[in-house]
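# Close look at the chain arrangement
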Amino acid sequence: MMEGNQYELQCDVLNVAPVQNLTVNWYKGQTLVDQTIFTDTIITPVSKTSKLLIRPDRADDGAQYWCEAKLELGEEGPQPPPTAPSKHLNITVYFKPIIDETKLPSKVPVFPGYPGVIVCEAEGNPKPTISWSVNTTDIVYSETLTITESTSEDLHCIANNSVSTTIRRVKVSIQDGDCPIQLNPQRVIVKFGSPVSADCSTSVPHKEMGWEASEGSVPMSKDSLITWRVSELREWDIAPFCYINHKKQCEITLPVTIYKTPDSVSISTVNHTGPMMEGNQYELQCDVLNVAPVQNLTVNWYKGQTLVDQTIFTGTIKTPVSKTSKLLIRPDRADDGAQYWCEAKLELGEEGPQPPPTAPSKHLNITVYYDCPISFNPPEVVVQYEASFSVNCSTIMTDDFDLSWEPSNRSLENIGKISQSGNVTNWEMQLTCHIFSNETQCSQNLSFIVYKTPDSVSISTVNHTGPMMEGNQYELQCDVLNVAPVQNLTVNWYKGQTLVDQTIFTDTIHTPVSKTSKLLIRPDRADDGAQYWCEAKLELGEEGPQPPPEVTSDPLRITVYFKPIIDETKLPSKVPVFPGYPGVIVCKAEGNPKPTISWSVNTTDIVYSETLTITESTSEDLHCIANNSVSTTIRRVKVSIQDGNCPIQLNPERVIVKFGGPVSADCSTSIPHKGLGWEASEGAVPMSKDSLITWRVSELREWDIEPFCYINHKKQCEITLPVTIYKTPDSVSISTVYHTGPMMEGNQYELQCDVLNVAPVQTLTVNWYKGQTLVDQTIFTDTIKTPVSKTSKLLIRPDRADDGAQYWCEAKLELGEEGPQPPPTAPSKHLNITVYYEPKIKHCKDWSPTTGASLDSYPNSYSLVGNPYPDISWRRKSSLGQLSVSILLNTYDSDQYEITASNDQGNSTCIINITVEYPPKLNCSESYEVKEKTPFQHPCVANGLPKPDVSLHKNGKLIALPYYPKWNDSGWYQLTASNKHGTVNSTFVLTILYAPVLHASQDKFDVVEDSNITLECDSTGNPEPKMSWSFKNEIISTGRRRIIFNIKRATSTSAGVYTCSASNQFGRQDKTFEVNIRGNSPNYITIVIAVIIALLVIIIIALLIYLWIRKQSSGSYQVQPAVKQYEMQPLSNGANANIEQR
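Residues numbered from 1 in each chain as written. Predicted model: local features only at pLDDT ≥ 70, side-chain atom pairs only at ≥ 80, totals over all residues. Heavy atoms only, no water.

### Points about the overall build of the chain
Just so we agree on the cut-off: Strands are runs of DSSP state E lasting at least 2 residues, helices are runs of H or I lasting at least 4, and numbering of each runs from the N terminus. When we talk radius of gyration, it's over C-alpha atoms, and the globule rule is simply 2.2 Å times the number of residues to the 0.38. Accessibility here uses a 1.4 Å probe with only protein chains present; expressed as a share of the type maximum, an area under 20% marks a residue as buried, one over 50% as exposed, and anything in between as partly exposed. Pairs of residues are marked as contacts when any of their non-hydrogen atoms sit within 4.5 Å. In these tables, accessible area is a Shrake-Rupley quantity obtained with a 1.4 Å probe, and a residue counts as shielded only by the protein chains included in the view. Under this rule, positive means Lys or Arg and negative means Asp or Glu; His and the chain ends count for nothing. Each charge is placed at NZ for Lys, CZ for Arg, CG for Asp and CD for Glu.
Helices and strands together make up the secondary structure of the chain, namely 1 helix and 100 strands. Relative to a compact globule of 1142 residues, whose C-alpha radius of gyration would be 32 Å, the chain shows 58 Å and is clearly more extended. Taking the principal axes of its C-alpha atoms as reference, the chain extends roughly 240 × 115 × 50 Å. Residues counted as buried form 40% of the 1142 residues belonging to the chain. Long-range pairs, those at least 24 residues apart, make up 64% of the contacts in the chain between residues at least 6 apart in sequence. Working note: accessible area of the chain is about 63,800 Å², and carbon and sulfur atoms make up 48% of it. Counting 95 positive and 127 negative side-chain charges, the chain places the centres of these two groups 7 Å from one another.

### Structural notes on the sheet that holds strand 24 (residues 249-253)
Threshold: At least two bridges found by DSSP between two strands are what make those strands a pair. The axes used here are C-alpha line fits, helices contributing only the stretch in contact, and every angle between their N-to-C directions lies in the interval 0 to 180 degrees.
Taken in spatial order, the 4 strands of this open sheet run 21-20-23-24, and their pairing is antiparallel. The sheet is open, and its two borders are formed by strand 21 (218-221) and strand 24, each paired with just one other strand. When the angles between neighbouring strand axes are averaged without regard to direction, this sheet yields 15°. Relative to strand 24, strand 23 (residues 241-245) runs antiparallel, the two being bridged by 5 bridges. Following the sheet pairing, Asn245 is matched in strand 24 by Gln249.

### Thoughts on the sheet that holds strand 65 (residues 675-679)
The 4 strands are arranged 66-65-68-69 in an open sheet whose pairing can be described as antiparallel. Only two strands of the sheet have a single partner each, and these edge strands are strand 66 (685-688) and strand 69 (716-720). On average, each strand axis in the sheet is inclined to that of its neighbour by 15°, with strand direction left out of account. As paired strands, strand 65 and strand 68 (residues 708-712) are joined by 5 bridges and run antiparallel to one another. Each bridged residue has a counterpart across the sheet, and for Glu679 the counterpart in strand 68 is Phe708.

### Brief notes about the confidence of the model for the chain
Put simply, the rule reads: A residue's pLDDT is simply how confident the predictor is in it, with values from 0 to 100.
Summary statistics for the chain give a mean pLDDT of 87 and a share of 94% for residues scoring 70 or more. Low pLDDT, under 50, characterises residues 409-415; the predicted model gives this stretch 18 contacts beyond four residues in sequence or across chains. When the criterion is pLDDT under 50, residues 1116-1142 qualifies, and its contacts beyond four places in sequence or with other chains add up to 26 contacts.

### Points about the environment of Ser698
Position of Ser698 relative to the elements: it lies in the loop between strand 67 (692-697) and strand 68. Expressed as a C-alpha distance, the spacing of Ser698 and Asp605, which sit 93 residues apart in the sequence, is 49 Å. Setting aside chain neighbours within four positions, we find Ser698 in contact with Gly660, Gly661 and Pro662.

### Topic: the packing of aromatic side chains
Threshold: The criterion for an aromatic pair is that two Phe, Tyr or Trp rings (for Trp, the six-membered ring) have centres within 6.5 Å, with stacked assigned to planes under 30 degrees apart, edge-to-face to planes over 60 apart and tilted to the rest.
Applying the stated criterion across every chain, the model contains 24 aromatic pairs. Considering the side-chain rings of Trp211 and Trp228, the 6.0 Å spacing of their centres and the 35° angle between planes classify their relative orientation as tilted. Note that Trp211 is positioned in strand 20 (residues 208-212) and Trp228 in strand 22 (residues 225-230), a separation of 17 residues in sequence. Trp211 gets classed as buried once you look at its relative accessible area, which sits at 0%. Overall, the relative accessible area of 0% leaves Trp228 in the buried class. When the ring of Trp874 is compared with that of Tyr897, the centres are 6.3 Å apart and the planes differ by 70°; the resulting orientation is edge-to-face. Of the two residues, Trp874 sits in strand 82 (residues 871-876) while Tyr897 sits in strand 84 (residues 895-903), which places them 23 residues apart along the sequence. Of the two residues, Trp874 and Tyr897, both sit in the buried class. Put simply, the rings of Tyr928, Phe936, Tyr963, Tyr973 and Phe988 pair up and form one aromatic cluster.

### A short note on the nonpolar core
Going by this rule: Residues grouped as a nonpolar core are buried Ala, Val, Leu, Ile, Met, Phe, Trp, Tyr and Cys residues, joined through side-chain atoms within 4.5 Å.
Leu284, Val288, Leu297, Val299, Trp301 and Tyr340 are the most contacted members of the largest nonpolar core, which totals 30 residues. Ranked by residues supplied to this core, first place goes to strand 28 (residues 282-291) with 5 residues. If you look at the next biggest cluster of nonpolar residues, it comprises 29 residues, including Tyr726, Val755, Trp768 and Ala811.

### Points about the environment of Ala901
Inspection of the secondary structure assignment puts Ala901 in strand 84. Judged by relative accessible area, which is 0%, Ala901 ranks as buried. Each C-alpha atom of the pair Ala901 and Gly866 lies 8.4 Å from the other, and the pair is 35 residues apart in sequence. Beyond its immediate chain neighbours, meaning those up to four positions away, Ala901 contacts Pro839, Ile841, Leu864, Pro870, Asp871, Ile872, Gly906, Asn907 and Ser908.

### What about the state of the cysteines?
What counts, and what does not: Note on disulfides: each one is a pair of cysteine sulfur atoms within 2.5 Å.
Inspection of every chain in the model, using the stated rule, returns 13 disulfides. The side chain of Cys11 participates in a disulfide bridge whose partner is Cys67; the two sulfur atoms lie 2.1 Å from each other. Between Cys11 and Cys67, the S-S dihedral sits near 80°, and the bridge is therefore right-handed. Placement of the pair is Cys11 in strand 1 (residues 7-16) and Cys67 in strand 5 (residues 64-71), with a sequence separation of 56 residues. Each member of the pair, Cys11 together with Cys67, is buried.

### Brief notes about the side chain of Asp60
Condition: Throughout this description, a polar contact denotes any pair of N or O atoms lying within 3.5 Å of each other; where both atoms belong to protein, one of them has to be capable of donating a hydrogen while the other can accept it, and for residues adjacent in sequence the pair is counted only when both atoms sit in side chains.
Within the secondary structure, Asp60 sits in the loop between strand 4 (46-54) and strand 5. At 2.8 Å, the side chain of Asp60 forms a polar contact with the side chain of Lys28. Non-local contacts of Asp60, meaning those with residues more than four positions away in its chain, are made with Lys28, Ile91 and Val93.

### What to know about a nonpolar patch on the surface
So the rule is basically this: Only residues above 30% relative accessible area that lack a salt bridge enter a patch, with like-charged residues linked at up to 9 Å and the nonpolar side chains Val, Leu, Ile, Met, Phe, Trp and Tyr linked at up to 5 Å. Take a side-chain nitrogen of Lys or Arg and a carboxyl oxygen of Asp or Glu: if they are within 4 Å of each other, that pair is a salt bridge.
A contiguous nonpolar surface patch, about 790 Å² in accessible area, is contributed by Ile1085, Ile1089, Ile1093, Val1097, Ile1101, Ile1105, Trp1108 and Ile1109. Here Ile1085 shows up in helix 1 (residues 1084-1113).

### Looking at the pattern of salt bridges
According to the stated counting rule, one finds 41 salt bridges in the structure shown. Between Glu568 and Arg635 there is a salt bridge, with its nearest N and O atoms 3.3 Å apart. One end of the pair, Glu568, is in the loop between strand 53 (560-566) and strand 54 (574-577); the other, Arg635, is in strand 61 (residues 632-641), and 67 residues separate them in sequence. Arg635 sits in the buried class, given a relative accessible area of 14%. Salt-bridge contacts for Arg1078 lead to Asp1006; the nearest nitrogen and oxygen are separated by 3.4 Å. Within this pair, whereas Arg1078 is found in strand 99 (residues 1067-1078), its partner Asp1006 is found in strand 93 (residues 1004-1008), the two being separated by 72 residues in sequence. Under the relative-accessibility criterion, Arg1078 is labelled partly exposed at 42%.

### Here's the deal with the environment of Ile634
Topologically, Ile634 is positioned in strand 61. Given the relative accessible area of 52%, Ile634 is considered exposed. Put simply, Ile634 and Cys940 are 306 residues apart on the chain and 99 Å apart in space, counted from C-alpha to C-alpha. With near-sequence residues (within four places) excluded, Ile634 lies in contact with Ile566, His623, Cys624 and Ile625.

### Here's the deal with unusual backbone geometry
In this structure, Pro80 follows Gln79 across a cis peptide bond, with omega equal to 0°. Inspection of the secondary structure assignment puts Pro80 in the loop between strand 5 and strand 6 (83-85). Here the residue pair Asn867 and Pro868 is connected by a cis peptide bond, since its omega of 0° sits within 30 degrees of zero. Relative to the helices and strands, Pro868 resides in the loop between strand 81 (864-867) and strand 82. Even without a glycine there, the phi angle at Asn290 is positive, about 55°. Inspection of the secondary structure assignment puts Asn290 in strand 28. A positive phi is found at Glu386, a non-glycine position, where the angle reads about 70°.

The structure is reproduced here in structure tokens:
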């Protein structure tokens, strides 16, 4: 057998009984693999066949299959049950070669000058032949191959047998001749505390070689292979190296990666406990404790079984560390009850353990409140009007909250349950429970049903009184008075105890109303005397009273008038009369009112009686007339004058009986006779003077029996009773002719139906069915009375629609009106056919999965048909290799893909476009700058498929884009990106850049000399402006944001125009300040005093001169001109200006 192909085994069990106790067990070795149970009811020995489909693989080579027939005869039967085993069937399985990759690595080293030998071994059946393809032309038939530095870089080991060919590519790597040693493995990955070993070998002569390591050192040896081995490796930084003394000493270090799975992996919510609110953002945290090495750690986040995020770590620490991964979620109502969990995974490469070590967290079940988190107990109040009620309002929130009822001003803090009670006097009762917390403010209305049972329920007929006429339609009415609420009312209609109709009301009125339900009836004679009644029922739900309140009407008894029906069993349509022997016929009829009976003997004679005496002179046509107020019924009776030579009658005139069944027939006469009897091979009746005798056989088993009744009248005469004996088949079976196993689409096959031991064959019809559809018939015309076996055949040409179809045949005995009804049938078992057909991908639709989906989650299973079920392969159109269906799609996998479905019958391809969709992602910075009155679009790229809708908010208000911010719009902004897969937010600071703006409260100054002046100039702008004061085109002061210029003791020189300037990279603004200086007002007192003093000085000087002249005049005089100069020096009328800068 070929590995992977399907084969059928058959177990033949000969002559076993009873078959309904037979079980055929199938074994592979000593393992039970299947059972067949038979249900036929045949008691005599039969032969049976059981089949087993197998699809062997290489592990089954040499397996022994066998079957066992077991009779399960119950507790009273022999113990253990009788069994009969078959011989063992040894199967040989041919399978393609598999090359031992452990003995033939994909890359082998060779050292210059030192040839090496590589070995290719393969397992397969038949035993494969091994050859080497050294280059495009050279083939070496051997398991071993010697390689040198001149050997081709690419080698191929070819393992071939009659099943298939396997090829392994080997790359020859020329090694540096300075250090001719090889490590195997070339890298080790070992769990902390576990054993580790590595071989160091050489193929060159050497002086010595050894291992140097902090653990497990191997001293120098002359061997060509030495092993470094540590039983429990616990040194994180170990770096063992192998060295060799060849031409000189050289060494190669063995890379060692020591890993440790986490002590624990746990999941939790950050800064939150309890239920989550729909639409809010929450943070989940995954804590991974003591794992190494961290650069191989990946934390996978799952929701259910769907991968939703990954965190990859890149540190270079070798020793164990603890790491945290976080996930932002924004749950909606669909996430209520969702399970989040995280998994720490160590991706250690091909050399590491496979599958990679993983450590999952426990599952975090989240509860999402998408409605108000309030519950009532009971959840609904159902109360009768004016009755009392009590209800609790509660929440399972754990944070600070208040609960309150409305109407009611009472509020309770942090109490998980509040109550309300009272009597109901309002048909539209309303209560609302409110909750206030940091997370939500909402309320829930309590559902109230206030009910009232009806005052009365009554039934009546509409527009009718008195008896009803059969077949006419009438309307009944049920009146329900003052019931509430009507939407919970159901009116049930009953006839006797049988529910016949319902009326449901949907009005939303809460107050009591009266309602009417109507029922249309069309009574017949069976309804005469029937009682109709109606019931009003209030269906108030689980919280309402149980059983529901019911009020019933009194019953309405109806009388039905119907036309007469004549009893045809007592009055046949044809009655015999023998000449000279009058007979009596009876006409009886049923009707309401009770009918009157009369006979129409001829066109004029009417006889009012139930009985009528007939003779040979009676009219051939008689009519029985039954009449009442509803209608008249007439039955025609034909009088048959019998041959006077044999005045007897058989009843029935023909019999059809099952083989072995009882049979009887009456023979009667209405004339005097000498003797009446039955003659038959079974059940003969001796002559009798009676007028009726019966032939009777309790078990009729004679196929050719011909009983006849005889009478001795004027002479002896007789009438034979026709007898048909039938027998249903012993079995009806269906099979295929010259074929076993699956059928091929389009080929022709023949089915055979075997009908065993049936009689009489001329009444046999074989019907062929596919499912429940009649597809063919075979009718037989043989005249044999005894049982025979017959075969019917059907040609079919199945197609794929017939795969799994059930064909069956049915033997049917059409025995006429006198035979059993319905006719006896015997069906075969169903023959399930398997149709092999080539694959077809019926619907090839483009696909838009989300990230993390796998190819095998493509919906609708590709709408794929094919038998055997096709193998599916995927290929990206932009590449050649096949893809694994379990590969997880990422955002870069959008492309055109080819799906190929193939089986033994052919293949089908389909090309689809895959667009990998994913939730939005924002890569926003913490802050942005923009110049005022210039357009501001969303600042960061919003990735996502479908393309996210982006909105900008400030202080919770939506901002239309493009946005032209003003100078004072700086602040915190939130950017929101959303598509059908999620929503993500990012907050940032937006700084508005704008040119300087100067502000001053006073820009004109008018002061007198010696006054102090303060000039103030403020500015706004972003970046912060540079400021300066200038006077007479010279900068006299500089500063930022705000500068003050002080003028102390102003003089006339201080007067003029001062300019304040502010500038940044976006512009400059100047503002002028005008300063006017006025002189001082005259001081008249000072002037007067000064004049007086000046006059006194002049008078004194004049007096002195006078005195001196007088003195001189008394002597000799010499007159000389006297000149005195007065230099005029300008007084400073100004003041030095001191400048103060601030």
